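# Results of the structural survey
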Amino acid sequence: MAGLPEVIGLLYRADWTRLSLSAEVRFEQDGDLARRRENAVRTESMRRMGFRPGSPGMPDVEQEPDAERDVYHRWRAALLIAPGRRYRLGYEGDHGGRADGSDGEQAWTLRPPDAAPLPPRGFEVVSGLPVPALFRPAGLLARFTLDVGGPVTACGREAIAVTAVPRHGAVGSGTSLRPPACDRVELIVDAETGILLRREETFEGQLLTLFELTTVTMSPPEADDPARFAPPAGSRPVRDPEDAPGRSGLGWQVAANAAGLAAGGLGAWLRLAPHLPGHRPAAEASFLAAMPSPEPGPLDPGDGPLPSDDLLGLLYRSGQYDGDDPQVRGAAVRRWNDTKAVWGQVPGTFRAAGHGGVGYLLDTLVRDETVTLSAGRLRIGGPELYYLDYSSWQGRPGPLVMACDGEQYWGIHENRARVGPARPMAGDIASLVGSSWLLGERLSGGVEITYHGRRGYHLRVTRGDGAAHEGPTMFYPADAIVDAETGCLLRLIAYDGDAPAEWWELDGVTTEPGDTADPAGFRPHIPPGTRVVEETGNPLVDATAGIPGLTGTAARAAVEAFRCGTDAVSAARSFLDDLRGHR
């Protein structure tokens, strides 16, 4: 009987692009329950980012009841897959005439104007991928704990029953900011291919969503006909995810406006800060002429097969502080960042977010053309037990210490301490401590090496089929060295072509089993005379409150302009242009 390591490997290696099959797909969803689930997920996500409902300037994120959507949805479809990313999903019954597919190079969709509206396809949507809930099972590995049952038979095929429950007590980008969207998931895993033959999700103890293959035929003759996958008359190409529609809902609007506000104010601050009172200069060691040269160098594209089951299991267990496996307890942290390489390639749709505020910030950063180094120390005992102390912080406005004792969070600046409710450790350092997000990417290699005195495994990382970036970088390929004891990342380098663009390291790692740590060890010392302020519940307001002098006044003016419904970036520019005459 298959055990957990074999099931992890089976789910990770499931590759629909190599399959030839036909199947009938069945979908069910409780629309009212799905809306309640999305409201719960959004509220919890905002809490983990430091937002509180009803905080200044933040709209209500809950969706109102919708008579058309809040019903029980069902659809059936005929699916045909051929090797080389070719597929066709043709809907049946009331939704007949609609189809999605790909000819191997271009995804397409067919939506006749007189056809009935198509119900939702589930929580996860990935363009160019047939039924992601069934054909991308690796996405479960970073967010769920798996319990392997016994062998079963489904669609006449040998399979394995698996129960997945949301992962708790874990550090990492796959779990820190994205709360669980269900109570549990019952899976039937095909024992040969690793795809899911059935996936049943429950929420609040009720059936939420069901995906199921009701028939499966391997290597059907019709899969050999390329015409089956060609875009039909009346279809349209599916745009890349960065440009796809759907980023117009309230969640995206909040995120875009938040990004624009923060970026516009920060961009204005960076342009004028060196010339204005209250500027905190960066340590000279934070700015470098060039990125260091990596040793060992990155793996070549052809270096190594897929990782072993043991290595995949190590990644799966990393960052789990509620078990007996060794976990990171302390480390020196370092990050090098090539500003021009990283920010110069951000997609135009993201640059336009928040009334162009993001683009204004990026233009400022690219203009500097500097390599920066951030360095500090980390103590960690779990998702909400951490103490991150930066000795060098790139000269940017931001807390020098971020700490959480499970009850309270502190962000300590040079002249003030911001205090608020506990929240999970998030961001790039969390992605080093808990590396399970790598299971959503394509990995090769795994040769054993020694790095900074610790035994590790060397991996090449390329972009997976995920709908969103899970790790700390948007840039691929990446080069990773995984600690053989804890599964943390001793090194992660993201490349812009052949040159390193971003580089993270954990050094001097200390370890202990992942049991409960003493919260007292994560409470910071606040120097006498430091002003202590309570968070407002809106991190954007709180962030600008920490910028000193006239620059802080400018950033806060941008915040207030945004809250009043005006263009924050224009307001910041106007205000700072006035300041130029008063230097």
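Attention in this report is confined to the structure presented alongside it. (Residues numbered from 1 in each chain as written. Predicted model: local features only at pLDDT ≥ 70, side-chain atom pairs only at ≥ 80, totals over all residues. Heavy atoms only, no water.)

Next up on the list: the overall build of the protein. From N to C terminus, the protein includes 13 helices and 24 strands. Across the protein, contacts joining residues at least 24 apart in sequence account for 67% of those joining residues at least 6 apart. For the protein, the computed accessible surface area is about 24700 Å², with 52% contributed by carbon and sulfur atoms. (Helix = DSSP H or I, 4+ residues; strand = E, 2+ residues; numbered from the N terminus. Contact = heavy atoms within 4.5 Å. Areas by Shrake-Rupley, 256 points an atom, 1.4 Å probe, with all protein chains shown as cover.)

Turning our eyes to something else, we now look at the pattern of salt bridges. Following the criterion strictly, the structure yields 29 salt bridges and no others. A salt bridge links aspartate 32 to arginine 36, with the shortest nitrogen-to-oxygen separation between them at 2.4 Å. Taken together, the residues span about one helical turn, with aspartate 32 and arginine 36 both in helix α2 (residues 31-48) at a distance of four residues. The shortest N-O distance in the salt bridge between aspartate 190 and arginine 157 comes to 2.6 Å. Of the two residues, aspartate 190 sits in strand β8 (residues 184-190) while arginine 157 sits in strand β7 (residues 157-166), which places them 33 residues apart along the sequence. In this pair, the class of aspartate 190 matches that of arginine 157, namely buried. (Salt bridge = Lys/Arg side-chain N within 4 Å of Asp/Glu carboxyl O. Buried < 20%, exposed > 50% of the residue type's maximum accessible area, 1.4 Å probe, protein only.)

Turning our attention to α2. In a regular helix each residue adds 1.5 Å, so 18 residues correspond to 26 Å; α2 covers 26 Å between its end C-alpha atoms and thus fits that length. For α2, the set of buried residues is Gly31, Leu33, Ala34, Arg35, Arg37, Glu38, Asn39, Val41, Ser45, Met46 and Arg48. Of the residues that open α2, the one with a side-chain oxygen 3.2 Å from the backbone nitrogen of aspartate 32 is aspartate 30. Phi turns positive one or two residues past the end of α2, at glycine 50, with a value near 100°. (Expected span 1.5 Å × (residues − 1). Polar contact = N/O pair within 3.5 Å; in protein donor to acceptor, adjacent residues only side chain to side chain.)

The subject of this paragraph is the environment of isoleucine 493. Within the secondary structure, isoleucine 493 sits in strand β22 (residues 489-496). When the C-alpha atoms of isoleucine 493 and tryptophan 503 are compared, they prove to be 4.4 Å apart, with 10 residues separating the residues in sequence.

Pairing of strand β6 (residues 144-154) with β7, which is carried by nine bridges, proceeds in the antiparallel orientation. Looking at the pairing, threonine 153 lines up with glutamate 158 of β7. Between the end of β6 and the start of β7, which pair antiparallel, lie two residues, with cysteine 155 showing a positive phi angle near 55°. (Pairing = 2+ DSSP bridges.)

Membership of the largest hydrophobic core comes to 99 residues, with the highest contact counts inside it found for Phe135, Leu146, Leu213 and Ile380. For this core, the element with the highest residue contribution is β22, accounting for six residues. If near-sequence neighbours (up to four positions away) are discounted, leucine 146 is found in contact with Leu4, Val7, Ile8, Leu11, Leu141, Val162, Thr163, Ala164 and Tyr316. Among the nonpolar cores identified, the runner-up in size contains 10 residues, and Leu385, Val401, Ala403 and Ala517 belong to it. (Core = buried A, V, L, I, M, F, W, Y, C linked by side-chain atoms within 4.5 Å.)

One can describe the packing of helix α1 (residues 4-13) onto helix α6 (residues 309-317) by two numbers: an axis separation of 9 Å at closest approach and a directional angle of 90°. Accordingly, the angle class assigned to the pair α1 and α6 is roughly perpendicular. Across the interface between the two elements, Leu4, Pro5, Glu6, Ile8, Gly9, Tyr12 and Arg13 from α1 touch Asp309, Leu312, Gly313 and Tyr316 from α6. Each residue belonging to the contact of α1 with α6 can be placed in one class, and the counts come to six nonpolar, two polar and three charged. (Axes fitted to C-alpha atoms, helices over the stretch in contact; angles between N-to-C directions. Parallel < 35°, antiparallel > 145°, perpendicular 65-115°, else oblique. Nonpolar A, V, L, I, M, F, W, Y, C, P; charged D, E, K, R; others polar.)

So, about the side chain of glutamate 28. Locating glutamate 28 in the fold gives a position in strand β1 (residues 21-30). Classification of glutamate 28 by relative accessible area gives buried; the value is 13%. At 2.8 Å, the side chain of glutamate 28 and the side chain of tyrosine 72 are in polar contact. Excluding residues that lie within four positions of it along the chain, glutamate 28 makes contacts with Tyr72, His73, Arg74, Leu207, Leu208, Thr209 and Leu210.

What follows concerns the sheet that holds β1. Taken in spatial order, the 11 strands make up an open sheet running β6-β7-β8-β9-β10-β1-β2-β3-β4-β5-β11, and their pairing is antiparallel. Both outer strands of the open sheet, β6 and β11 (236-237), are each paired with one neighbouring strand and no more. Sheet strands in contact with α1 are β6, β7, β8 and β9 (196-203), and its direction is about 85° off that of β6.

Moving on, we come to the packing of aromatic side chains. What the rule picks out here adds up to five aromatic pairs. Centre to centre, the rings of phenylalanine 27 and phenylalanine 211 are 4.8 Å apart; their planes meet at 55°, and the pair counts as tilted. Note that phenylalanine 27 is positioned in strand β1 and phenylalanine 211 in strand β10 (residues 206-218), a separation of 184 residues in sequence. With respect to burial, phenylalanine 27 and phenylalanine 211 carry one shared label: buried. Ring geometry for tryptophan 75 and tyrosine 91: centres 5.2 Å apart, planes at 80°, overall edge-to-face. Of this pair, tryptophan 75 sits in strand β2 (residues 72-82) while tyrosine 91 sits in strand β3 (residues 86-91), and the two are 16 residues apart along the sequence. For the residue pair tryptophan 75 and tyrosine 91, the accessibility class agrees, reading buried in each case. (Phe/Tyr/Trp six-rings, centres within 6.5 Å; stacked < 30°, edge-to-face > 60°.)

A few words on unusual backbone geometry. The residue after glutamate 295, namely proline 296, is reached through a cis peptide bond having omega 5°. By the element assignment, proline 296 lies in the loop between β12 (287-288) and α6. Located in the positive-phi region is arginine 85, a residue other than glycine, with phi close to 65°. Inspection of the secondary structure puts arginine 85 in the loop between β2 and β3. Judged by its relative accessible area of 27%, arginine 85 is partly exposed. With a phi close to 45°, valine 131 is a non-glycine residue in the positive phi region.

All right, on to α1 then. Because the α-helix completes a turn every 3.6 residues, residues three or four places apart line up on one side. Among the residues of α1, those classed as buried are Val7, Ile8, Gly9, Leu10, Leu11 and Tyr12. On the buried face of α1, the contacting elements are β6, β7, β8, β9, α6 and β19 (442-451).

Moving on to the environment of phenylalanine 203. Tracing the sequence through the fold places phenylalanine 203 in strand β9. What makes phenylalanine 203 buried here is its relative accessible area of 9%. Note: C-alpha distance between phenylalanine 203 and leucine 33 (170 residues apart in sequence) is 7.6 Å.

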